[in-house]
Amino acid sequence: MPNYTFKAIYIGTFSDMDPDETNWTSENANALVGMRFGSNQDPLYQQIEDLTLEDADGDGITQENDMGQTSEDVTYQGASSELDSVVEYTVRLSFVGGGRVEATMVALQDDMGRVFLAPYADGSIRNDVFDDAPIKSIKITKLSGDEYMGAYSDRDPNAFVVCFAQGTRLRTPTGEVAVEDMQIGEYLQTLDNGPQPVVWIGQEEVRAAPRTAPIHIAAGALGRDGAGRPLPAVALRVSPQHRVLIASRIAERLFATPEVFVSAKKLLGLAGNPQATGAGVVRYWPVRLPAHEVVFADGAPVESFLPGPMALQALSKPCRASLFATRPALRAGLGDHPESGGAISIMDGRYGPYVKWEKVNATLPKDVEPKDITVEMAVKLIEEKAGKSKKKAPAKKKAAPKKTSAKKTTKKAAAKDAE
């Protein structure tokens, strides 16, 4: 009896969208249209959880309990219940940091009333929008389909893996070392800050599906370094979301800038950069340093693991737990601002850990560990940062004097779910 586990967004428990089981229609699906889920204080990326669909007969579809057919289960947080409705909605996604986009999503409701917003079948290009940035909120704007007998079981299992594939060789001060042989406490050579210690190494196994299979970047595909050596020196394998630093004429040609970070999946158009899809699993190794750095993998400059919101949610629970053991402050925020409200969090950034509250980001002093930060200390840092920002507000420019020169500075499945 195969089961399929993937990431979905739990939005709550609602009245039955499909009260009449004698037809395929979810009669009350319109009830969610116009509703918004998520906010600045409670963003949806923090509600991404594992959801499992049962496929007891192995036909690739988790069946609803309509028309007397044998229903199959949805399992969430250890509780299983029959799949009751499958609906497709048009939604407006709002991202952390700004930006909105219209998309479609599948909603699954079980017999307990729980509703989940789910990605499409594994490999669908309609899933690409979901990892553009951390999702802050979703507004359901329109009902797109409500007559389905089930949902495809095999959905995108893990859309946000940012790691090195097994066998990748990382540059240390004493030579190249395979990522699977690296140890915590050993040093990696970085582009900007010399040797830096490895503080955490994770291990993930995922199916080699289109959105998770490693990208093969051919030797020399990224140009050459200052000494004329090909980049990468040998074929490099990284996860699709892993970013590579390109600083060459290739960057100028593709992105109109001399230096740019680019996710590996955007390099598929270059000759010699295929994706290793197919049967089986691939093993990835996220490697974290004290701060976000540029390291060298098979000779190419690439990013170290940055535990941002979406990257944390993409990790499996065991992998996430091992990371939290090394940095407890990543586990959750410090709580709400005592005077103004709004969650205060400690985040890892490119230049080290920082306190985040609404639009204020305050870098921690170098002699302070994140685990030692209290709410009172965080509020003080926030106030200091906010005060400096106000002082930097530009004064109104005076009009320049005239004539003065100056320098200017088959079975019906989830709606349209067949991909």
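These numbers come from a predicted model, not from an experiment.

On to the overall build of the chain. If you tally the helices and strands in the chain, you get four helices and 29 strands. Looking at the chain as a whole, 49% of its 419 residues qualify as buried. Entry remark: accessible area of the chain is about 20500 Å², with carbon and sulfur atoms responsible for 51%.

In regions of low pLDDT, the predicted coordinates are not meant to be interpreted in detail. Chain-level statistics for the chain give a pLDDT mean of 78 and a share of 74% at 70 or above. By mean pLDDT, the top-scoring element of the chain is strand β14 (residues 187-189) (96), and the lowest-scoring one is strand β26 (residues 335-336) (57). Across residues 391-398, confidence stays below pLDDT 50; counting only partners more than four residues off in sequence or on other chains, it has zero contacts. The model gives residues 401-419 a pLDDT under 50, and that stretch makes 41 contacts with residues more than four places away or in other chains.

As enumerated under the stated definition, the model contains five aromatic pairs in all. Through a chain of ring-to-ring contacts, three or more aromatic side chains come together here, namely Y10, Y76 and F116. Above the plane of the ring of F296 lies R171, whose end atom (NZ or CZ) is 4.3 Å from the centre.

Those residues of helix α3 (residues 317-326) that fall on the buried side of the exposure criterion are C319, R320, L323 and F324. On an axial view of α3, the arc spanned by its buried residues comes to 135°, and they lie on one face. Across from the buried face of α3, at angles greater than 90 degrees, the exposed residues are P318 and A325.

Moving on to the pairing of strand β5 (residues 73-76). Here β5 shows one buried face, formed by V74 and Y76, and one open face, formed by D73 and T75. Bridge analysis of strand β3 (residues 48-54) against β5 gives two bridges, and the strand direction is antiparallel. Of the residues in β5, the one forming a bridge with T52 is T75. In the sheet, β5 pairs with strand β6 (residues 79-95) via four bridges, with the strands oriented antiparallel. Residue pairing for β6: D73 is matched across the bridge by E82. Counting the residues that bridge the hairpin from β5 to β6 gives two residues, and of these Q77 lies at a positive phi of roughly 50°.

As judged from the seven bridges shared by strand β1 (residues 3-13) and β3, these two strands associate in the antiparallel manner. Opposite A8, over in β3, you have E49 as the bridge partner. Bridge analysis of β1 against strand β8 (residues 114-118) gives four bridges, and the strand direction is antiparallel. Counted as the bridge partner of T13 is R114 from β8.

With omega at -10°, the peptide bond leading from L231 into P232 counts as cis. Of note, P232 is situated in the loop between β18 (215-217) and β19 (236-238). The phi dihedral of M67 is positive, around 55°, even though this residue is not glycine. By the secondary structure assignment, M67 is in the loop between β4 (61-63) and β5. Here the phi dihedral of D298 falls at roughly 50°; this positive angle occurs in a residue that is not glycine.

This paragraph deals with the pattern of salt bridges. Per the stated rule, a full pass over the model turns up four salt bridges. Of the charged contacts in the structure, one is a salt bridge between K7 and D50, with a shortest N-O distance of 3.1 Å. Of this pair, K7 sits in strand β1 while D50 sits in strand β3, placing them 43 residues apart in sequence. Using a relative accessible area of 28% as the deciding quantity, one classes D50 as partly exposed.

F164, L170, L188, I217, L222 and V287 are the most contacted members of the largest nonpolar core, which totals 27 residues. When contributions to this core are tallied by element, the ones reaching two or more residues are β18, β19, β20 (243-246), β21 (260-263), β24 (294-297) and β25 (300-303). Counting 24 residues, the second-largest nonpolar core is a separate cluster that includes M17, I48, L93 and L117.

By the element assignment, T190 lies in the loop between β14 and β15 (195-197). Among the polar contacts listed, one links the side chain of T190 to the backbone nitrogen of N193, at a separation of 3.0 Å. Polar contacts involving the side chain of T190 include one to the main-chain carbonyl oxygen of G194, which spans 2.7 Å.

Further remarks concern the environment of G38. As for its placement among the helices and strands, G38 is situated in the loop between β2 (36-37) and β3. A relative accessible area of 26% means that G38 is categorised as partly exposed. It is 8.5 Å that separates the C-alpha atoms of G38 and I135, two residues lying 97 residues apart in sequence. Residues within four places of G38 in sequence aside, it is in contact with L44, K136 and S137.

Turning our attention to the side chain of D84. Relative to the assigned elements, D84 resides in strand β6. Looking at D84, its side chain comes within polar contact range of the side chain of N65, at 3.2 Å. Apart from the residues within four sequence positions on either side, D84 is in contact with D16, D18, E21, E64, N65, Q109, D110 and D111.

For the rest of this paragraph, the subject is a negative patch on the surface. A cluster of acidic residues, D16, D20, E27, E82 and D111, forms a negative patch at the surface. Assignment of secondary structure puts D111 in the loop between β7 (100-110) and β8.

A few words now on the side chain of K7. The class for K7 is buried, based on a relative accessible area of 13%. Side-chain polar atoms of K7 contact the side chain of D50, separated by 3.1 Å.

Thresholds applied
- Residues numbered from 1 in each chain as written.
- Predicted model: local features only at pLDDT ≥ 70, side-chain atom pairs only at ≥ 80, totals over all residues.
- Heavy atoms only, no water.
- Helix = DSSP H or I, 4+ residues; strand = E, 2+ residues; numbered from the N terminus.
- Buried < 20%, exposed > 50% of the residue type's maximum accessible area, 1.4 Å probe, protein only.
- Areas by Shrake-Rupley, 256 points an atom, 1.4 Å probe, with all protein chains shown as cover.
- pLDDT = per-residue confidence, 0-100.
- Contact = heavy atoms within 4.5 Å.
- Phe/Tyr/Trp six-rings, centres within 6.5 Å; stacked < 30°, edge-to-face > 60°.
- Lys NZ or Arg CZ within 6 Å of the ring centre and 35° of its normal.
- Arc of directions from axis to C-beta.
- Pairing = 2+ DSSP bridges.
- Salt bridge = Lys/Arg side-chain N within 4 Å of Asp/Glu carboxyl O.
- Core = buried A, V, L, I, M, F, W, Y, C linked by side-chain atoms within 4.5 Å.
- Polar contact = N/O pair within 3.5 Å; in protein donor to acceptor, adjacent residues only side chain to side chain.
- Patch = residues over 30% accessible without salt bridge, like charges linked within 9 Å, V, L, I, M, F, W, Y side chains within 5 Å.
- Lys, Arg positive; Asp, Glu negative; His and termini not counted.
- Charge placed at Lys NZ, Arg CZ, Asp CG, Glu CD.

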